[in-house]
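# Fold and geometry: a report
Next come the chains, spelled out residue by residue.
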Amino acid sequence: MKKIGFIFLAYILSFPSTAASYIKGYIDSAAYVGSEFRIRGWACQTSHNTSIKVHVYAGGPAGTGSAITSADANLNSEPAVASACGASGSKYRFDVALPRAKVYQHAGKALHVHGISPIGSGNKVITNSGKYSLPTSFTTAYIGSEMAKGDFTIPAGIDVAINSSATAKLVHVQGRLSCASGAQGIFKTEGILVNGSGATFQCGTSSSPFTGDLTIELTGARSVSSLTSMTSSEMLKAIVSMNGGHISLNGKSGKQGYKILSKTASAGSRTISLTSSSSWQVGDEIVIAPTGFDPHHAEKRTITGVANSGRTITLNSPLSYSHWGTTKGYSNGSTSWTLDERAEVANLTRNITIRSANDSYWSNQRMGATVMAMMSGKANINNVELFRVGQAGRLGRYPFHWHILGNVSGQAIENTSIHDSQNRCVVIHGSQYARVERNTCYNHFGHGYFLEDGNETNNIIRHNLGMLSKRVDPDYMLLQSEVATKDPARFPAPSTFWVSHPTNDIRYNVAAGSEGTGFWMSFKRAIRCTSSGCLLSDDNVATHKPSRANTLYFSNNTAHSSVVGMTWDGASRKSDPKLRCGPKTKLPSASACPDDNRIPTSSHYEPSSKPTFSNLRAHKNSIAGIYIRGDAMKLDRNVLADNIWSGWFAFDQELVNSLVVGQSANSTSSDLSNIEALHNSYDTYFQRSRNLNSQFTRSTMAHMRNLSGLKIYDGPFLADNVLFAEFASSTQYFNGQDVTPAAISMMGGSGRYLNYLGRVSFDNSDNTTPLRKIDMNGSLSGNWTDPYTAAVRDVNASITNKAGDYLLHDHPMNYTGNCHRNVPASREVIACDYELGHIRFAGVNYVRFSVTRKNASSGVEYASVGPFASSQYSNKFNVIMGNTYHYEIDDYSRSGSRTLQFSSRNASDVSPLISVKGGSNCYISGISRLSNLSTLKSSTTGGYVHSGGDLYFKLKGGQQTKSPNRDNRLSKNFRQYTLRCN
């Protein structure tokens, strides 16, 4: 007190002495003292020795301000104060802790103190009233008890810092909610709404991250929308920004991304070794990716020891499964590749955690925490752990979600771990230019990284890891693509990365285990988008046409331990009555189905510019590594290994400078039985889920009979500078069936075009020769009855002994004296030295007909095929070019019109003579009617005639259509005609 007395001595002595008594006093300070905000000073009634009371007001004196508190100025005071008061008393000081609720309620307002006259001479404001103000910054330690009482608002201009454990109901942030530096504890709340321009919820900054250890736990089941007029929109256990509000959470770096095993970690081991140093710590949770076919072999452990600069990690319990940790190099003399199937290891622990309480809403209703930016809200999430998140069956309630925001440049979720999610991971909906980098998404239901509608473009999705993507229970499904699809061998549900538009930057990501697909490029043909979302549409009203848009970037991505690694196929179609739908519907009739949410079916990617997909890796996928349906695409420097089918190519694809491995050292004799058990378990799920059409049981064995490096469907396909390694040199059996892998196999397709092998080589580490470099076994083609129409031109004699020979199915329709059967390392393959053409009834999978190959001069029959039952597919046949043969079509309906397509290697080619038996009432449009059969036989431009009750014709080749920028070797020359029968 002496010090304060000296400070004010000059002031006190300057007051003149008067005979009249009045209120006199002085405010020394108003500030935090310890955990309380206190106002200090002195007050008296002059010429009176007794103490008086003081009243404290905020925002003005009595009459205009608000009463805060009252107190007695009865604390010991120094003699100088008594002298100023003209009295001999010694208790004129006050030191008042202001009520916390009042301090917060009137934050920022000026303080005024009235001395209360005990003799009725008049109450007066003492000196320095209005000089000091109530604070605008608070801590949860100070205001926590008030936050717990009811829904709590942080007004504009006010900052509340979380500096300790606290409990709150709903928190409405209009000012600033922050994290005190170094804060430790758990902040429990029903939800946080960051609402309004200037409103922020901020922990650290990108340049100065938060260094404490804070958990934000979302509790209960009340909606933050109740704080606004949006009462119809439930946002439970939610942290939401809107109307310019900004969520900016920046945790400490050092645990982001993922590491790689430096050596194999065997089942039973409690130690793993990493290729690089880490700053991981004892107590951190990590997850080790599967390196086999089963995504459920991902294993979560807690670190109990760290050594060797963080390269050696000791685990709290032994591993249940082996995790691969070695690489192998390959070279064909001109190009080198590395086969890398090592396990990824990710750290899930961060120093900022957002999680759901482990309450009944989580355990019984699958309701986790959710973070969302909407209605002009903003979000930046960096080095945060999101745990027990996502809300099953609730549209828009995902762990993290940009919701219809348009351009979100500058916003990002990065270096963040998301695990144990009931509903996806990161969702970009109706937003562009978002950045999603170096995140880990583990153990989630439904799609993982999800571009929702198809108008999400120019987003950066790089260096992310996804692991253990699981199918949704149909009772909670939002999309059929997260439960069941029309063809699970091509695009099984769900996906780790769901890409709805190709114009995004998607690079350096890893899909490390999905019950369905790793990367699913689901490009709808046409959609119309408004401010409220997108629906399937017709071309003439479409705002976006994803299946015809160009790829921005898709490269350096890896997919393993899924059913299908990467697929360009499978999207919803508009008004397809055969497709079922959701959300949360129990497979109703098609009439009840909203057409923006139908079961995906076949789709075709046809961009205007040929994309190049480089440095892709796909391994240990239990059906296909890469599956593509679309126009010209180039796959460069890919490494495909240990898949049932490493690559499945439908149309105009090119695989160049790539490595395809059949069975690496990371293969075991139990692989096929493990796959069978895995697929059977998926069937069990579907049977439990109202018999959804999974097809896994039916197709598993068929797939195993089709073990292949590359599967070629329609074509044309090109393989150039491709090394095939580690393909079996002897027959392999599974359950009594021949399942020997083939480097290349052909299967039935709706159309056939010539395929090309350029510089192709083979290399087995044990110096053996593959048993099957190429396989044309007819049973590989499923329902297609015309596998003999497949053709591969061996340009560089990679398989045959003569450059340019055609490799064809060993079938009487193909075999002539210009063919030989001694094709090395093949099954049911002949090599033929002639030119080949192709006749197809286009646009349909089945036409009833038979065809006979005859000698054009003598009429001697060499071979015939058909007709086939309508339950099987048949629409095409091969023709040997030149004038040696005549092809006679019989058993044809000879009524109506059909499109007839002739394809050949050269645009100037003319087909051999073809006839329709009994076709006197049939005509060919697009070519001339000639005078007689002799003229037609010698024609080099094509035409048709009627003779002997039959229709005879020869078709001229051409380039009616052509995919953009196709390799010149993939000419796909064809011309279409109409065969009309009256």
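How each quantity is defined
Residues numbered from 1 in each chain as written. Predicted model: local features only at pLDDT ≥ 70, side-chain atom pairs only at ≥ 80, totals over all residues. Heavy atoms only, no water. Helix = DSSP H or I, 4+ residues; strand = E, 2+ residues; numbered from the N terminus. Buried < 20%, exposed > 50% of the residue type's maximum accessible area, 1.4 Å probe, protein only. Contact = heavy atoms within 4.5 Å. Areas by Shrake-Rupley, 256 points an atom, 1.4 Å probe, with all protein chains shown as cover. Lys, Arg positive; Asp, Glu negative; His and termini not counted. Charge placed at Lys NZ, Arg CZ, Asp CG, Glu CD. Pairing = 2+ DSSP bridges. pLDDT = per-residue confidence, 0-100. Axes fitted to C-alpha atoms, helices over the stretch in contact; angles between N-to-C directions. Phe/Tyr/Trp six-rings, centres within 6.5 Å; stacked < 30°, edge-to-face > 60°. Lys NZ or Arg CZ within 6 Å of the ring centre and 35° of its normal. Polar contact = N/O pair within 3.5 Å; in protein donor to acceptor, adjacent residues only side chain to side chain. Salt bridge = Lys/Arg side-chain N within 4 Å of Asp/Glu carboxyl O. Core = buried A, V, L, I, M, F, W, Y, C linked by side-chain atoms within 4.5 Å.

Next up on the list: the overall build of the protein chain. Along its length, the protein chain carries 9 helices and 81 strands. The principal-axis extents of the C-alpha atoms in the protein chain amount to approximately 145 × 60 × 45 Å. Going through the 982 residues of the protein chain one by one, you find that 61% of them count as buried. Of all intrachain contacts in the protein chain linking residues separated by at least 6 positions in sequence, the fraction that spans at least 24 positions is 68%. Accessible surface, the protein chain: about 34500 Å² in total, of which carbon and sulfur atoms supply 46%. Positive and negative side-chain charges in the protein chain, numbering 95 and 69 respectively, have mean positions lying 5 Å apart.

What follows is about the sheet that holds strand S8 (residues 124–125). Read from one edge of the open sheet, 4 strands run S4-S3-S7-S8, paired in antiparallel fashion. Pairing within the sheet leaves two strands with one partner each, and these edge strands are strand S4 (66–73) and S8. Across 2 bridges, the pairing between strand S7 (residues 111–116) and S8 is antiparallel. Looking at the pairing, His 114 lines up with Val 125 of S8.

The next thing to look at is the confidence of the model for the protein chain. Taken residue by residue, the protein chain gives an average pLDDT of 91. The fraction at 70 or more is 91%. Counted against residues more than four places away or in other chains, residues 1–18, with its pLDDT under 50, gives 26 contacts. Here residues 688–695 scores under 50 on pLDDT; set against residues more than four positions off or in separate chains, the count is 17 contacts.

This part takes up the sheet that holds strand S28 (residues 344–347). Spatial strand order, S21-S28-S23-S24-S25-S22: 6 strands in an open sheet with antiparallel pairing. Two strands lie at the open edges of the sheet, namely strand S21 (258–260) and strand S22 (271–273), each paired on one side alone. When strand polarity is set aside, the average angle formed by the axes of neighbouring strands in this sheet is 40°. Sheet topology places strand S23 (residues 285–288) next to strand S24 (residues 299–307); 4 bridges connect them, and they run antiparallel. The residue of S24 that forms the bridge with Ile 288 is Glu 299.

Applying the stated criterion to the full structure yields 29 aromatic pairs. Arranged with centres 4.0 Å apart and planes meeting at 5°, the rings of Tyr 627 and Trp 648 form a pair that is stacked. Highlighted residues: Tyr 627 in strand S53 (residues 624–628) and Trp 648 in strand S56 (residues 645–649), separated in sequence by 21 residues. Each member of the pair, Tyr 627 as well as Trp 648, carries the same accessibility label: buried. Here Trp 648 and Tyr 713 contribute two aromatic rings whose centre-to-centre distance is 4.9 Å and whose plane-to-plane angle is 35°, an arrangement assigned as tilted. In this pair, Trp 648 is assigned in strand S56 and Tyr 713 in the loop between strand S58 (708–712) and strand S59 (718–725), connecting sequence segments 65 residues apart. Aromatic rings pair up to connect Tyr 32, Phe 37, Tyr 104, Phe 138, Tyr 142 and Phe 152 into one cluster. Taking the ring centre of Phe 450 as reference, the NZ or CZ of Arg 424 above it sits at 4.0 Å.

Note: most peptide bonds trans; most residues except glycine with negative phi. The omega torsion of the bond from Ala 493 to Pro 494 falls at -10°, within 30 degrees of zero and hence cis. Structurally, Pro 494 can be placed in the loop between strand S41 (465–470) and strand S42 (495–499). The omega torsion across Gly 715 and Pro 716 is 0°, close enough to zero to call that bond cis. Secondary-structure assignment places Pro 716 in the loop between S58 and S59. Backbone geometry at Ser 309 places phi at a positive 55°, although glycine is not the residue there. The topology assignment puts Ser 309 in the loop between S24 and strand S25 (312–315). Here Ser 309 falls in the exposed class, since its relative accessible area comes to 53%. Positive phi values are uncommon outside glycine, yet Arg 894 reaches one of about 55°. For Arg 894, a relative accessible area of 28% corresponds to the partly exposed category.

Time to look at the side chain of Asp 631. With respect to the secondary-structure elements, Asp 631 resides in the loop between S53 and strand S54 (633–636). Reaching out from Asp 631, the side chain makes a polar contact with the side chain of His 604 at a distance of 2.9 Å.

This brings us to the pattern of salt bridges. The final tally for this structure, using the stated rule, is 41 salt bridges. In this structure, the salt-bridge partner of Glu 414 is Arg 438, at a minimum N-O distance of 3.2 Å. Taken together, the residues span a long stretch of sequence, with Glu 414 in strand S34 (residues 412–414) and Arg 438 in the loop between strand S37 (435–437) and strand S38 (440–445) at a distance of 24 residues. The class for Glu 414 is buried, based on a relative accessible area of 12%. For Arg 525, the salt bridge identified is with Glu 606, shortest N-O distance 2.8 Å.

Membership of the largest hydrophobic core comes to 123 residues, with the highest contact counts inside it found for Phe 201, Trp 402 and Trp 568. The contacts of Phe 201, once residues within four sequence positions are left out, are Ile 162, Leu 177, Ile 192, Val 194, Ile 216, Ile 239, His 246, Ile 247, Ser 248 and Leu 249. Leu 718, Met 813, Leu 900 and Tyr 944 belong to the second largest nonpolar core, which has 42 residues in total.

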